Amino acid sequence: MHLALPPRHTRLLFLALGVLLASGASAQPISVVTHEDTPVASLSREDVADLFLGKRKLAIAGRVLTPIDIGDETLREAFYQAVAEMSAVRVNAYWARMVFSAQGRPPRKLPLSEARTLVQAQPGLITYVPAGGNGEFKIVLRLP
Amino acid sequence: MAGVSLLLLPALAAPAAAWGEEGDVRVSGFLSLVGGKVLDGSRQTPYNDFECPCFIADWQHMAVYNEDFGLDRESRAGIQLDARLGEAWSARLQAVARATEGSRGASLDVASITYTLAPEWTVQVGRKRLPIYYYSDFQDVGFAYPWVRPPQDLYGWEVGSFNGASLAHNTRWGEWNARASLFYGGEHSGDNVLAGNYFSGRVEVDWHDILGADLELTRDWLNLRLVYIQSHVDTRSSLEGDIFSGETQRIYGLAANIDHGNWLVRSELSFFDRWDFYFKSTAAMLGVGYRVGDFTPMFTYSHYRDDNRFGDPYQENRTLSFSLRYDIDASSALKLQYDRFRDDSTEDFVGDAQLLSIAYDRVF
């Protein structure tokens, strides 16, 4: 049996993060971003949650907006807490159900730097990044 | 309403291409290592071929624990290939390998082709799990739920998958996300381990003309599911001959789940109607848990009762469980569970039992 426990300090960090989020204060502001040429002005928190959880597809100019998830676990945890009040574990458990019952597939998950490059290069993709210095994107939702 | 340029495509429009999504194949999988031991129980003689004191942990595959600790009852692993075949077509294959004696080896539980008619409409053809219960579709994926196993006073029936077709619709009604599906098909089980408990010899079971519909509604912290399934049933025993031929059974189910802050509530009601020719049964469960950091302790109560039209003895049982889930990381969990099972049947059944089980679940 493989029990890969993260180092103690990492777990403490996550616990501290969880406490911060539970008390309503987000650890870091996050921007939900897309390419300048994607024909969408802004999205609500619910739109973004539905999009990343595959509950709804958003079609723009006859094509479906494609979410790109981020591999950085701290950022990912903060993002899903902010848009859906769900921990990363709950998001993964939710996708385990959807995937293995053939109801859907999760968004592609990329490292932050790769997701940035991809979203800058191509309209119609949507991802999330730490807020600040995001001049290269169109921000469709700001998460406090 | 944010995003004025958003519009949902009309249902019958041509399949919508996704921006930047190319054809690809994804491999995913799940693993559950489950061990258990009956601590104490009232029955001292074997139940059918099972050594007792005993606890039935999985009806569909007849995974039964006794006083010897065993990892070979419920442990399982599954792998799924998920291929996107162009803009509107995708294909899935899911194989599950089980350690359970009598159901040992690998089986193909899902093999389906999906066609996306429009963003909100999909058609699936092939082999799928039969969604009698809320967890039916993903009962093998331990990581997706809080217990070691969904309460067995409800879960598990003769048939778990079927061959057929389904039409599914996803939409949003006001504040509610809705998913509805309609399905039709059939299933043949050549040597049914569950029916084998109640009839002698090798028992063949056919469910044909399975026709069903379900509706799942989600709003904020509340999730509801309704299901109705009917089918014709044939049951034949190698020793007793035809037991049922083409009789109609009806299944009704209701589930309500809450995830509010750190609280979680899981509840389900299932009603099985074979009264015209045999029996009817009612099963229910209610679980309440509270998330504390990476831990989810939970109490669950479940109950099963059937009645037989011939006035034969009935089966009735109830279980009180305490389960504790610990999330090791975002993809794996460790669980410990204690079940106190009480047998109130008037028929000769398994007797009371207490079970301790431990599970390691992961998805990849």
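Predicted model only: the values in this text are computed from it and were never measured. (Residues numbered from 1 in each chain as written. Chains lettered and ligands numbered in written order. Predicted model: local features only at pLDDT ≥ 70, side-chain atom pairs only at ≥ 80, totals over all residues. Heavy atoms only, no water.)

Q: With reference to specific residues and values, describe the packing of aromatic side chains.
A: The description of two aromatic rings rests on the distance between their centres and on the angle between their planes. Residue and element names in this part refer to chain B. Across all of its chains, the model carries 31 aromatic pairs over all chains by this definition. Look at W89 and Y115: their rings are 4.6 Å apart centre to centre, the planes differ by 45 degrees, and that puts the pair in the tilted class. With W89 in strand 6 (residues 89–98) and Y115 in strand 7 (residues 105–118), this pair connects stretches of sequence that are 26 residues apart. On the accessibility criterion, Y115 (25% relative accessible area) is partly exposed. When the centroid spacing of 5.3 Å and the interplanar angle of 55 degrees are considered together, the rings of Y135 and F138 count as tilted. Through pairs of rings, three or more aromatic residues link up here, namely Y133, Y134, Y135, F138, Y145, W147 and Y155. Lying over the aromatic face of W275, K280 brings its terminal NZ or CZ to 4.6 Å of the ring centre. R305 extends its terminal NZ or CZ atom over the ring of Y314, reaching a point 3.7 Å from the ring centre. (Phe/Tyr/Trp six-rings, centres within 6.5 Å; stacked < 30°, edge-to-face > 60°. Helix = DSSP H or I, 4+ residues; strand = E, 2+ residues; numbered from the N terminus. Buried < 20%, exposed > 50% of the residue type's maximum accessible area, 1.4 Å probe, protein only. Lys NZ or Arg CZ within 6 Å of the ring centre and 35° of its normal.)

Q: Explain the packing of helix 3 (residues 73–84) of chain A against helix 4 (residues 88–100) of chain A to me, using residue names and the numbers behind them.
A: All names here are of chain A. In contact at an axis separation of 8 Å, helix 3 and helix 4 are set at 80 degrees when each is read in the N-to-C sense. Here helix 3 is positioned roughly perpendicular relative to helix 4, judged by the angle of their axes. Side by side, helix 3 and helix 4 meet where E73, R76, E77 and Y80 of the first sit next to A88, V91 and N92 of the second. Grouping the constituent residues of the contact of helix 3 with helix 4 by class yields 3 nonpolar, 1 polar and 3 charged. (Axes fitted to C-alpha atoms, helices over the stretch in contact; angles between N-to-C directions. Parallel < 35°, antiparallel > 145°, perpendicular 65-115°, else oblique. Contact = heavy atoms within 4.5 Å. Nonpolar A, V, L, I, M, F, W, Y, C, P; charged D, E, K, R; others polar.)

Q: Residue-level account of a nonpolar patch on the surface, with values.
A: Residue and element names in this part refer to chain B. Together, V25, V27, I79, L81, L93 and L108 make up an exposed nonpolar region whose accessible area comes to about 530 Å². At the level of secondary structure, the elements contributing two or more residues to the nonpolar patch comprise strand 2 (25–41) and strand 5 (76–84). In this structure, L93 sits in strand 6. (Patch = residues over 30% accessible without salt bridge, like charges linked within 9 Å, V, L, I, M, F, W, Y side chains within 5 Å. Areas by Shrake-Rupley, 256 points an atom, 1.4 Å probe, with all protein chains shown as cover. Salt bridge = Lys/Arg side-chain N within 4 Å of Asp/Glu carboxyl O.)

Q: Provide a residue-level description of the nonpolar core, including the pertinent values.
A: Among the nonpolar cores identified, the biggest contains 84 residues, and V32(A), F79(A), Y128(A), L130(B), I132(B) and W207(B) are the most heavily contacted of them. Excluding residues within four positions of it along the chain, I132(B) makes contact with W157(B), V159(B), W207(B), R225(B), V227(B), I229(B), I251(B) and F272(B). F55(B), W59(B), L194(B) and L355(B) belong to the second-largest nonpolar core, a separate cluster that totals 20 residues. (Core = buried A, V, L, I, M, F, W, Y, C linked by side-chain atoms within 4.5 Å.)

Q: Please give an account of helix 4 of chain A that cites residues and values.
A: All names here are of chain A. An ideal rise of 1.5 Å per residue puts 18 Å on 13 residues; helix 4 measures up with 18 Å between its terminal C-alpha atoms. Counting buried positions along helix 4 yields 12 of 13 residues, so the element is predominantly enclosed. At the exit of helix 4 stands A102, carrying a positive phi of roughly 55 degrees. (Expected span 1.5 Å × (residues − 1).)

Q: Describe the environment of G124(A), listing the residues and the values that go with them.
A: Inspection of the secondary structure puts G124(A) in the loop between helix 5 (112–121) and strand 6 (125–130). Along the backbone, G124(A) and M98(A) are 26 residues apart, and their C-alpha atoms lie at a distance of 24 Å.

Q: Break down the pairing of strand 5 of chain B for me, citing the residues and quoting the values.
A: When a strand is regular, its side chains alternate between the sheet's two faces. All names here are of chain B. Where strand 2 lies against strand 5, 8 bridges are found, and the strand directions are antiparallel. Looking at strand 5, one finds that G29 is bridged to I79. Direction of pairing for strand 5 relative to strand 6: antiparallel, over a ladder of 9 bridges. The partner of R84 across the bridge, within strand 6, is S90. A loop of 4 residues connects strand 5 with strand 6, the two strands running antiparallel in sequence, and G86 in this loop sits at a positive phi of about 90 degrees. (Pairing = 2+ DSSP bridges.)

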